[in-house]
Amino acid sequence: MKDFEFHNPVKIFFGKEQMVKISSLIPAGNKVMLIYGGGSIFKNGVYDKVKEALKGFSVTEFGGIEPNPYYETSMKAVKIIKEEKIDFILAAGGGSVIDATKFIAAAAVYENGDPWKILSENEAVKASLPFGTVLTLPATGTEMNKNSVISRKSTTEKFAFSSPYSYPQFSVLLPDAAGSLPRNQAANGVVDAFVHVIEQYLTYPVNAPIQDRFAEAILITLIEEGPKVYANPADYESMSNLMWSATMALNGLIMCGVPGDWSVHSIGHELTALHGIDHARTLAIVLPGLWKVLREEKSGKLLQYGQRVWNITSGSEEERINAAIEKTADFFESLGIKTRLSDYGVKQDTIDKIVRRFEERKWLALGDRGLTTPEVTRKALEFQL
Ligand code: NZQ
Ligand code: ZN
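The text that follows walks through the structure, step by step, so that each part is easy to find. Since we're looking at a predicted model, the values are computed, not measured.

1. Remarks on the overall build of the protein chain
Okay, so step 1: Within the protein chain, the secondary structure is distributed over 15 helices and 8 strands.
Okay, so step 2: A compact globule built from 385 residues should have a C-alpha radius of gyration of about 21 Å, and the protein chain, at 20 Å, falls within 12% of that.
Okay, so step 3: The dimensions of the protein chain, computed from C-alpha atoms along their principal axes, are 65 × 45 × 45 Å.
Okay, so step 4: By residue count, 56% of the 385 residues in the protein chain fall in the buried class.
Okay, so step 5: Across the protein chain, the fraction of contacts at a sequence separation of at least 24, relative to all contacts at a separation of at least 6, is 79%.
Okay, so step 6: Summing over all exposed atoms, the protein chain offers an accessible surface of approximately 15,800 Å²; the carbon and sulfur share of this is 50%.
Okay, so step 7: Treating the 42 positive side-chain charges of the protein chain as one cloud and the 46 negative ones as another, the clouds have centres 3 Å apart.

2. Considering the sheet that holds strand β4 (residues 88-93)
Okay, so step 1: Judged by pairing direction, the sheet is parallel, and its 6 strands sit side by side in the order β1-β8-β5-β4-β2-β3 without closing on themselves. What marks the edges here is a single partner per strand, and that holds for β1 (11-14) and β3 (58-62). The sheet shows a mean angle of 20° between the axes of neighbouring strands, taken without regard to direction.
Okay, so step 2: Relative to β4, strand β2 (residues 31-36) runs parallel, the two sharing 5 bridges. Bridge pairing in β4 links M33 to I89.
Okay, so step 3: Packing against the sheet, helix α4 (residues 95-107) makes contact with β2, β4 and β5 (131-135), and its axis sits at approximately 165° to β4.
Okay, so step 4: The strands touched by helix α9 (residues 236-249) within the sheet are β1, β5 and β8 (170-173), with β1 carrying the most contacts at an inclination of about 170°.

3. A look at the packing of aromatic side chains
Okay, so step 1: Within this structure, the stated rule accounts for 16 aromatic pairs.
Okay, so step 2: Ring geometry for F331 against F332: centres 6.2 Å apart, planes inclined by 45°, an arrangement best described as tilted. Take F331 and F332: they sit in the same class, and that class is buried.
Okay, so step 3: Centre to centre, the rings of F358 and W363 are 5.2 Å apart; their planes meet at 45°, and the pair counts as tilted.
Okay, so step 4: Across the ring face of W363, the terminal group of R361 is positioned such that the distance to the ring centre comes to 4.6 Å.

4. A word on the nonpolar core
Okay, so step 1: Formed by 99 residues in total, the largest nonpolar core has its most connected members in I104, F194, L271, Y305 and F332.
Okay, so step 2: Sorting elements by how many residues they give to this core places helix α7 (residues 183-201) first, with 10 residues.
Okay, so step 3: There are two domains that each give this core at least three residues, and those are domain 1 (11-177) and domain 2 (182-383).
Okay, so step 4: Filtering out sequence-adjacent residues up to four positions away, L271 remains in contact with G276, I277, T282, I285, V286, L341, V346, T350, I354 and L381.
Okay, so step 5: Counting 22 residues, the second-largest nonpolar core is a separate cluster that includes V46, A53, L54 and A177.

5. A look at α4
Okay, so step 1: Taking 1.5 Å as the rise per residue, α4 with 13 residues should run 18 Å; its terminal C-alpha atoms sit 18 Å apart, in good agreement.
Okay, so step 2: Burial runs high along α4: 12 of the 13 residues are buried.
Okay, so step 3: Here α4 has its buried residues at G95, V97, I98, D99, A100, T101, K102, F103, I104, A105, A106 and A107.

6. Some details on the coordination of the zinc ion (ligand 2)
Okay, so step 1: Within the protein, the atoms that donate to the zinc ion (ligand 2) are D192 (OD), H196 (NE2), H265 (NE2) and H279 (NE2), at distances of 2.0 to 2.1 Å.
Okay, so step 2: Mapping the donors of the zinc ion (ligand 2) onto the primary sequence yields the spacing D-x3-H-x68-H-x13-H. In this pair, D192 is assigned in helix α7 and H265 in helix α10 (residues 263-275), connecting sequence segments 73 residues apart.
Okay, so step 3: Owing to a relative accessible area of 3%, D192 belongs among the buried residues under this scheme.
Okay, so step 4: When its relative accessible area of 8% is taken as the criterion, H265 is described as buried.

Conventions adopted
Residues numbered from 1 in each chain as written. Chains lettered and ligands numbered in written order. Predicted model: local features only at pLDDT ≥ 70, side-chain atom pairs only at ≥ 80, totals over all residues. Heavy atoms only, no water. Helix = DSSP H or I, 4+ residues; strand = E, 2+ residues; numbered from the N terminus. Rg over C-alpha atoms; globule rule 2.2 N^0.38 Å. Buried < 20%, exposed > 50% of the residue type's maximum accessible area, 1.4 Å probe, protein only. Contact = heavy atoms within 4.5 Å. Areas by Shrake-Rupley, 256 points an atom, 1.4 Å probe, with all protein chains shown as cover. Lys, Arg positive; Asp, Glu negative; His and termini not counted. Charge placed at Lys NZ, Arg CZ, Asp CG, Glu CD. Pairing = 2+ DSSP bridges. Axes fitted to C-alpha atoms, helices over the stretch in contact; angles between N-to-C directions. Phe/Tyr/Trp six-rings, centres within 6.5 Å; stacked < 30°, edge-to-face > 60°. Lys NZ or Arg CZ within 6 Å of the ring centre and 35° of its normal. Core = buried A, V, L, I, M, F, W, Y, C linked by side-chain atoms within 4.5 Å. Domains from an automatic or database assignment. Expected span 1.5 Å × (residues − 1). Donors = N, O, S within 2.8 Å, 3.2 Å for Na, K, Ca; no water.

The quantities given are spatial measurements derived from coordinates; they are silent on function.
Have a look at this one:
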C-alpha cells in the first residue's frame, strides 16, 4: 500500500427529514445565496423545503446553472456575490449546481486576476466562501469531495480542479427528491458512480485488500440496485442505496493508498466539451475502448474484477478478460446507455481533435503508470467508432 493522508470534513445528513437541520449550520445573520439549476427543484418540492429551512436568513437566489456548468454563468453569480456581500452559499440540485457553486465560492474571493486560471492553469485555490449542498441527483460524489468540473462555452473546453478549500461544510442527501429524476438521468448516475470506482480500483495490484473489497462492494451494489432505480427512480429504498453508493464512490475513501487512473474521465470530458454528450455516457463509451487497448497492462485487476464482481471463473485468461469487458459494456447498455461513438454521431475527426488537444496540452502520459498516451487514446476511441 502507498502512503496516504485521509481527511474528509463534510458533514452528511441523509434522508427525508434532514433538511430542517441546515439552519443551525449556517451562522446566524449570514447573507445566503441559494444556487440552483434549470428548475427541477421547483417541481420536486426541494425549493419549498429549502426556503422553509432558510427562514430568518436574507436569501438571494441565483438560478439557471446548466448541466456541465459554464464558467460564463458562474461569473455572473460571482458578480452578484461581490455586490451583495454574500457570506454563505447553498447549492440545491445535481452535480452541476454543486460544482458551479464550488467554483463560484472560490472565484468570489480570488485575488489573482481571472479565476479561469484555477481551471486552465491548475492555479491553487487559496480560499473559498463557505457553502453547503442539498443533493437531488446521485452520481458525481461532489457532495462529499473537493472536486469541481467547469466548462467554458467560448472555447468548448472542460477542466476540473480540486482543492481542500472546496469541500462543502455539509451536504443534505435527498433520495426522495431524486425520485423525480427522468430514467436516463438515473441511469447516468449509476454509470458515473460505477466508473468512479473503476478509475480508483482497476489499475494494478498493490496488495490493498480493504480498498479492493470496498470498491467491489460498491460495484456489486450498483449492479444490483442500478436496474431497480432505472426501472423506477421513485423506488425510495433502491434510490437510497444508489445515492449512498455514489457518495462513497468518490469521497476519497477507496482511493487511500492505491494508484488511480482518471484517463477515462479526461477523455470523456473532451467528448462532452465538443459534443455535449452527457458525462456518464462519455465514460460508457471510453471505458470499454481503453480496456481493449490496455488489456495486458491491466490484466491482473481485470481478472480479479471479472471473478469477484461478475463471477467469471472459467476460460483462459484472454477469454475471462474479454468476458469482463463485455459484461461491463452490456451492463451500461442494459441501462439504456449506448457505448459506441456512432450511437452519438461522433466520427473520426473528433478523435483526431482530441488527440491533437492532448498533444498540445502535453497530456502525453495520463492514467496509472502514464499508460494513456495520445496514441492509446486514439486507439481506444477508434475501437468504439
Ligand atoms: O438543472 P435542473 O433543473 O436542476 O435539472 C437537472 C439537470 O437537467 C436534472 N435534475 C437534477 N436533480 C433532479 C433533476 N431532474 C429531476 N429531478 C431531480 N431530482 O438533471 C439534469 C442533470 O443534472 P447534472 O447536475 O448536470 O447531473 P450530474 O449530477 O450527473 O452532474 C454532472 C456534472 O458533474 C461533473 C460532470 O463532469 C458534469 O459536469 N462531475 C463532477 C465530479 C466531481 N465534482 O467530483 C465528478 C464527476 O466525474 C463529474 O465529472
Ligand atoms: Zn464522473
